[in-house]
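Residue strings, one per chain:
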Amino acid sequence: MTDLTPEEFQVSEDGNAAEVVSAEVGTEPMKIALLVDNGRQVSSGQAINPLRDGVAAFIESIPAEHEIGLFTIGGQIQRRVDFTTDRSELLEETADIHVDNFGSVRFIDGVRETWDRRYDGDEAWPIFVAVLTDAIEASAFMNENRFMSWVDNLRAGGVTVHSVLWRSRGSGFAWQVATGFAINLAKNTGGRYTQIAAATAFEDSLQQLATDMAAHWDQVSIRYRVIYERPDPAGRNVSVNVTRPGLDLQLFGDRSMP
């Protein structure tokens, strides 16, 4: 049933009616920002070729209707290819990724700047896929309160952040490296965090992620995303109904990918 209107949804919290703002089926294609750590850690591990192979495998495994933008974030943030469905352009630029001689990564700044500058804010499927090492996180956006407020804004915008991270170091302070932020964003946005022990696993891991993302989109894109203003007072128990006769309704809390 693809023609339901916002007026046909009834939402309440603890019995208090809420105003439904929008209710849309998410059949719009995914808009995927692919952020690649090309910092010095890649060079020290002789991982540039496995990294390129993994990024290429991801691009080739995402169905053609979905847009992908390619960005590198090792030390400095650089847009390589703006959002496009042209796989040949993306693959050509992927083959030209080289190591940037920085020992740190700007993962959070990469997500933040790309979200602010390259997304309109009304996309049905805004997705970030980060290909990372365990380099030190050097983003300027490190204040904890600002960070958590920003994460809430990402969630409100329907953003999902997936990460595949090559952990080349031993034990360490996870919050000081990209690892901690990758885990945090995946947990808070319904994304997936995958940690690999060898750079050669980039290809299989990113190909599997792309395959799972496409299958998840096929399954979830037929669901309505209902946005509403919370009532005053707000409640803890949410109920949703539709007024059109003869319909059954199944609720999902978010679009988290298994």
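What counts, and at which threshold
Per chain, the residues get numbers from 1 upward, laid out in the order the sequence is written. Side-chain atom pairs in this predicted model are given and counted only at pLDDT of 80 or more, local residue features only at pLDDT of at least 70, and totals for whole chains, interfaces and linings cover all residues. Values reported for side chains reflect all heavy atoms of the structure, with hydrogen atoms and water molecules removed beforehand. Structural elements are reduced to axes, namely lines fitted to C-alpha atoms, with helices fitted over the stretch in contact, and the angle between N-to-C directions of any two is expressed from 0 to 180 degrees. Runs of H or I in DSSP of at least four residues are treated as helices and runs of E of at least two as strands, each being numbered from the N terminus. To sort the angles, those under 35 degrees are grouped as roughly parallel, those over 145 as roughly antiparallel, those from 65 to 115 as roughly perpendicular, and the leftovers as oblique. By definition, residues are in contact when any of their heavy atoms lie within 4.5 Å. Amino acids outside the nonpolar list (Ala, Val, Leu, Ile, Met, Phe, Trp, Tyr, Cys, Pro) and the charged list (Asp, Glu, Lys, Arg) are all regarded as polar, and Gly is one of them. Three labels apply to residues, based on accessible area from a 1.4 Å probe with only protein chains included: buried if under 20% of the type maximum, exposed if over 50%, partly exposed otherwise in between. Any two strands with at least two DSSP bridges between them are considered paired. By nonpolar core we mean a set of buried residues, namely Ala, Val, Leu, Ile, Met, Phe, Trp, Tyr and Cys, connected to one another through side-chain atoms within 4.5 Å. To estimate how far a helix should extend, the number of its residues minus one is multiplied by 1.5 Å. By arc we mean the arc of the directions from the helix axis to the C-beta atoms, nothing more. In the sections that follow, a salt bridge refers to a side-chain nitrogen of Lys or Arg positioned within 4 Å of a carboxyl oxygen of Asp or Glu.

Caption draft 1: Geometry of the packing of helix 2 (residues 48–61) against helix 3 (residues 87–94). At their nearest, the axes of helix 2 and helix 3 sit 9 Å apart, and the two run at 175° to each other. With respect to their mutual orientation, helix 2 and helix 3 come out roughly antiparallel. Of helix 3, the residues touching helix 2 (which contributes Arg 52, Val 55, Ala 56, Ile 59 and Glu 60) are Arg 87, Leu 90, Leu 91 and Thr 94. Taken together, the residues of the contact of helix 2 with helix 3 break down into five nonpolar, one polar and three charged.

Caption draft 2: Local environment of the pairing of strand 1 (residues 9–13). Of all the five residues making up strand 1, four are buried; the element is thus mostly covered by neighbouring parts of the structure. Judged from the five bridges that link them, strand 1 and strand 12 (residues 238–242) form a sheet pairing that is antiparallel. Its bridge partner lying in strand 12, Val 11 is registered against Val 240. Note that strand 1 and strand 2 (residues 16–25) share three bridges and pair antiparallel. In the sheet register, Val 11 faces strand 2, and the bridge partner there is Ala 18.

Caption draft 3: Molecular detail of the nonpolar core. Counting 34 residues, the largest nonpolar core has Ile 32, Leu 34, Phe 58, Val 129, Phe 202 and Met 213 as its most contacted members. Secondary-structure elements contributing two or more residues to this core are strand 3 (31–36), helix 2, strand 4 (67–72), strand 7 (126–133), strand 9 (160–166) and helix 7 (202–220). Excluding residues within four positions of it along the chain, Phe 202 makes contact with Pro 50, Leu 51, Gly 54, Val 131, Leu 132, Val 164, Trp 166 and Ile 196. Counting 26 residues, the second-largest nonpolar core is a separate cluster that includes Tyr 119, Val 151, Val 161 and Leu 165.

Caption draft 4: Region of the structure containing helix 7. Between its terminal C-alpha atoms helix 7 stretches 26 Å, which fits the 27 Å expected from 19 residues at 1.5 Å a residue. What helix 7 keeps buried is the set Phe 202, Ser 205, Leu 206, Leu 209, Ala 210, Met 213, Ala 214, His 216, Trp 217 and Val 220. The arc that holds the buried residues of helix 7, viewed along the axis, is 165°, so those residues lie on one side. Away from its buried face by more than 90 degrees, helix 7 exposes Asp 204 and Asp 218. Residues of helix 7 that are buried in the fold lie against strand 3, helix 2, strand 7, strand 9 and strand 10 (193–196).

Caption draft 5: Layout of unusual backbone geometry. Residue Pro 233 is bonded to the preceding Asp 232 through a cis peptide linkage, with omega at 10°. As for its position among the elements, Pro 233 is in the loop between strand 11 (224–229) and strand 12. The phi dihedral of Asp 14 falls on the positive side, at around 50°, and the residue is not glycine. Here Asp 14 lies in the loop between strand 1 and strand 2.

Caption draft 6: Focus on the sheet that holds strand 1. The sheet built from four strands is open, its strands ordered 11-2-1-12 with antiparallel pairing. Because the sheet does not close on itself, it has two edges, and the strands there are strand 11 and strand 12. If you compare each strand with its neighbour and ignore which way they point, the axes differ by 30° on average.

Caption draft 7: Just the sheet that holds strand 10, in detail. With mixed pairing, the six strands of this open sheet are ordered in space as 5-4-3-7-9-10. The strands lining the two open edges of the sheet, one partner per strand, are strand 5 (78–84) and strand 10. The average angle at which neighbouring strand axes cross in this sheet is 10°, direction not considered. This element, helix 2, spans strand 3, strand 4 and strand 7 of the sheet and lies at about 175° to strand 3. In this fold helix 4 (residues 107–118) packs onto strand 3, strand 4, strand 5, strand 7 and strand 9, with an angle of close to 155° to the strand it touches most, strand 7.

Caption draft 8: Layout of the pattern of salt bridges. Scanning all chains against the criterion turns up twelve salt bridges. One salt bridge connects Asp 3 with Arg 244, and the closest N-O pair in it is separated by 3.0 Å. With a gap of 241 residues between them, Asp 3 in the segment before strand 1 and Arg 244 in the segment after strand 12 connect regions that are remote in the sequence. For Asp 3, a relative accessible area of 46% puts it in the partly exposed group. The partner of Arg 244 in a salt bridge is Glu 8, and the shortest N-O contact between them spans 2.8 Å. Linking Arg 244 in the segment after strand 12 with Glu 8 in the segment before strand 1, this pair joins segments that are 236 residues apart in sequence. Judged by its relative accessible area of 24%, Arg 244 is partly exposed. Judged by relative accessible area, which is 14%, Glu 8 ranks as buried. One connected set of salt bridges, linked through shared partners, spans Arg 106, Asp 109, Arg 112, Glu 113 and Arg 117.

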